[in-house]
Amino acid sequence: MTGVQTITVGPGDAGQRLDRWLRRMFPHLPQGRIEKMCRKGELRVDGGRVKANARLEPGQDVRIPPLPEPEPQQAVRKIRVTEADARFIRSCVLWEDEWIIALNKPPGLPVQGGSKLTRHVDALAEGLREGEGDKPRLVHRLDKDTSGLLLLAKTREAAAALTESFRHRNTRKIYWAAVAGVPAPRMGTIKYGLVKAPGHGAGGEGEKMICIHPDAVASTKDAKRATTDYAVLSPLAKRASWCALVPVTGRTHQLRAHMAELGHPIIGDGKYGGSGQENLGDGWGAQLGGELSRKLHLHARSLTLEHPFTKKQLSLTAPLPEHMARTWKEVGWAEEDVPEDPFAEEE
């Protein structure tokens, strides 16, 4: 057992989550132990209580309580990926340089693990490691069933810079979605706040988010403001439409919950009413028939940002996943018929 330690956060670790920062230094420390130390107030930052997902800033002092010594095999154990998994994650790479890797994440692949999840981007990123360099780090996330652009940083410095860009919204993310019905007006902004539904597990709502009227956000415990811009790119009569979505804020399930609240859930979204013939809003139910609506039709299509080191504008585009490309072909939507950024045209 170690004694109490106080470690000062260095400039290269700016913006990292506390739990990831700890696991990098103490690989044998389970996530559950970190969260328990936070709940009990044993783990403190600058003397104050803190949550496991808190973001660190340079110069902060982290008080770490006594920790168990790692078992000998734990001290040398290194996460391994199979050759097949390494080839798979490499096949997802759209673009990279010495600082950044951009993936086209396939639908169904979680970004991070959980109690029963061992195959996810964070683990597979070991297959992207170059020699004795660092394992690429996640700097943002996508839902498991959402496909598209996902950035990883090759160094701590790159991770800090990219995290800062996302936090201060210096990035431009555009998602493509197929939704039930046709939103009216054809272009608009959704400003409903979001709060996590009560309950968890098989008997509760789990990760589902509830929309809150903007006027009620301040008076609703744990509610957070959320803003989404949307534009209809192509309607399919009144049955469905191809929409571009921009998450101005980055809340859990924001796009899915916001579109469902409008009465136009994303096709294939069982959690938010997009997998049945009916929904609680005024839009048509999200079934397109057959196999088309069995998977979530939400794709992180493009991402634009200033490169943190070269300072040049970096614009990336991810091709549609197979199930969405099949839907687009089936209904006659063509990528070349719409602008990459319809909001810029309007502006």
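Residues numbered from 1 in each chain as written. Predicted model: local features only at pLDDT ≥ 70, side-chain atom pairs only at ≥ 80, totals over all residues. Heavy atoms only, no water.

## Some points on the packing of aromatic side chains
Line of reasoning, step 1. Under the criterion given, the structure shown has five aromatic pairs.
Line of reasoning, step 2. Ring centres 5.0 Å apart and planes at 80° place the aromatic pair Trp176 and Trp242 in the edge-to-face group. Placement of Trp176 in strand 9 (residues 171-180) and of Trp242 in strand 14 (residues 240-247) is noted, with a sequence separation of 66 residues between them. Take Trp176 and Trp242: they sit in the same class, and that class is buried. (Phe/Tyr/Trp six-rings, centres within 6.5 Å; stacked < 30°, edge-to-face > 60°. Helix = DSSP H or I, 4+ residues; strand = E, 2+ residues; numbered from the N terminus. Buried < 20%, exposed > 50% of the residue type's maximum accessible area, 1.4 Å probe, protein only.)

## A closer look at the nonpolar core
Nonpolar side chains tend toward joint burial in soluble globular proteins.
Line of reasoning, step 1. Leu103, Leu152, Leu245, Ile266 and Leu298 are the most contacted members of the largest nonpolar core, which totals 29 residues.
Line of reasoning, step 2. Elements supplying a minimum of two residues to this core: strand 6 (100-105), helix 5 (121-124), strand 8 (147-153), strand 9, strand 13 (228-236), strand 14, helix 7 (254-261) and strand 15 (298-306).
Line of reasoning, step 3. For this core, the leading source of residues is strand 9, giving three residues.
Line of reasoning, step 4. Once you skip the residues sitting within four places of it in the chain, Leu103 turns out to touch Ile89, Cys92, Val93, Leu94, Val121, Leu128, Gly148, Leu149, Leu150 and Leu152.
Line of reasoning, step 5. Judged by nonpolar contacts, the second largest core, of 18 residues, contains Phe26, Cys38, Leu43 and Leu56. (Core = buried A, V, L, I, M, F, W, Y, C linked by side-chain atoms within 4.5 Å. Contact = heavy atoms within 4.5 Å.)

## Digging into the UniProt feature "active site" (unreviewed entry) in the protein chain
Line of reasoning, step 1. This chain's UniProt record puts "active site" (unreviewed entry) on Asp143.
Line of reasoning, step 2. Within the fold, Asp143 resides in the loop between strand 7 (137-138) and strand 8.
Line of reasoning, step 3. Look past the residues within four positions of Asp143 in its chain and what remains in contact with it is Lys105, His253 and Arg256. (UniProt positions renumbered as here; feature names shortened; annotations may be inferred.)

## Examining the packing of helix 1 (residues 18-25) against helix 2 (residues 31-39)
Line of reasoning, step 1. Between helix 1 and helix 2, whose axes approach to 10 Å, the crossing angle comes to 125°. Considered as vectors, helix 1 and helix 2 are oriented oblique to each other. Note that helix 1 runs across helix 2; the crossing there is right-handed. Residue-level contacts link Leu18, Asp19, Leu22 and Arg23 of helix 1 to Gln31, Ile34 and Cys38 of helix 2.
Line of reasoning, step 2. A per-class count over the contact of helix 1 with helix 2 returns four nonpolar, one polar and two charged. (Axes fitted to C-alpha atoms, helices over the stretch in contact; angles between N-to-C directions. Parallel < 35°, antiparallel > 145°, perpendicular 65-115°, else oblique. Left-handed = near helix turned anticlockwise from the far one by under 90°. Nonpolar A, V, L, I, M, F, W, Y, C, P; charged D, E, K, R; others polar.)

## Regarding the confidence of the model for the protein chain
Line of reasoning, step 1. Taken as a whole, the protein chain shows an average pLDDT of 86; of its residues, 86% reach a score of 70 or greater.
Line of reasoning, step 2. For the protein chain, per-element mean pLDDT is lowest for helix 3 (residues 72-76), which scores 46, and highest for strand 6, which scores 97.
Line of reasoning, step 3. Residue range residues 73-77 is modelled with pLDDT below 50. Its contacts to residues more than four positions away, or to other chains, number two contacts.
Line of reasoning, step 4. In the predicted structure, residues 277-285 sits below a pLDDT of 50 and forms 22 contacts with residues beyond four places in sequence or in another chain. (pLDDT = per-residue confidence, 0-100.)

## What to know about the pattern of salt bridges
Line of reasoning, step 1. Inspection of the entire model under this criterion finds 18 salt bridges.
Line of reasoning, step 2. Asp19 serves as the salt-bridge partner of Arg17, at 2.7 Å between the closest nitrogen and oxygen.
Line of reasoning, step 3. Close ionic contact of Arg119 with Asp85 constitutes a salt bridge, the shortest N to O distance being 2.9 Å. Highlighted residues: Arg119 in the loop between strand 6 and helix 5 and Asp85 in helix 4 (residues 83-91), separated in sequence by 34 residues.
Line of reasoning, step 4. The exposure class of Arg119 is partly exposed, given its relative accessible area of 39%. (Salt bridge = Lys/Arg side-chain N within 4 Å of Asp/Glu carboxyl O.)

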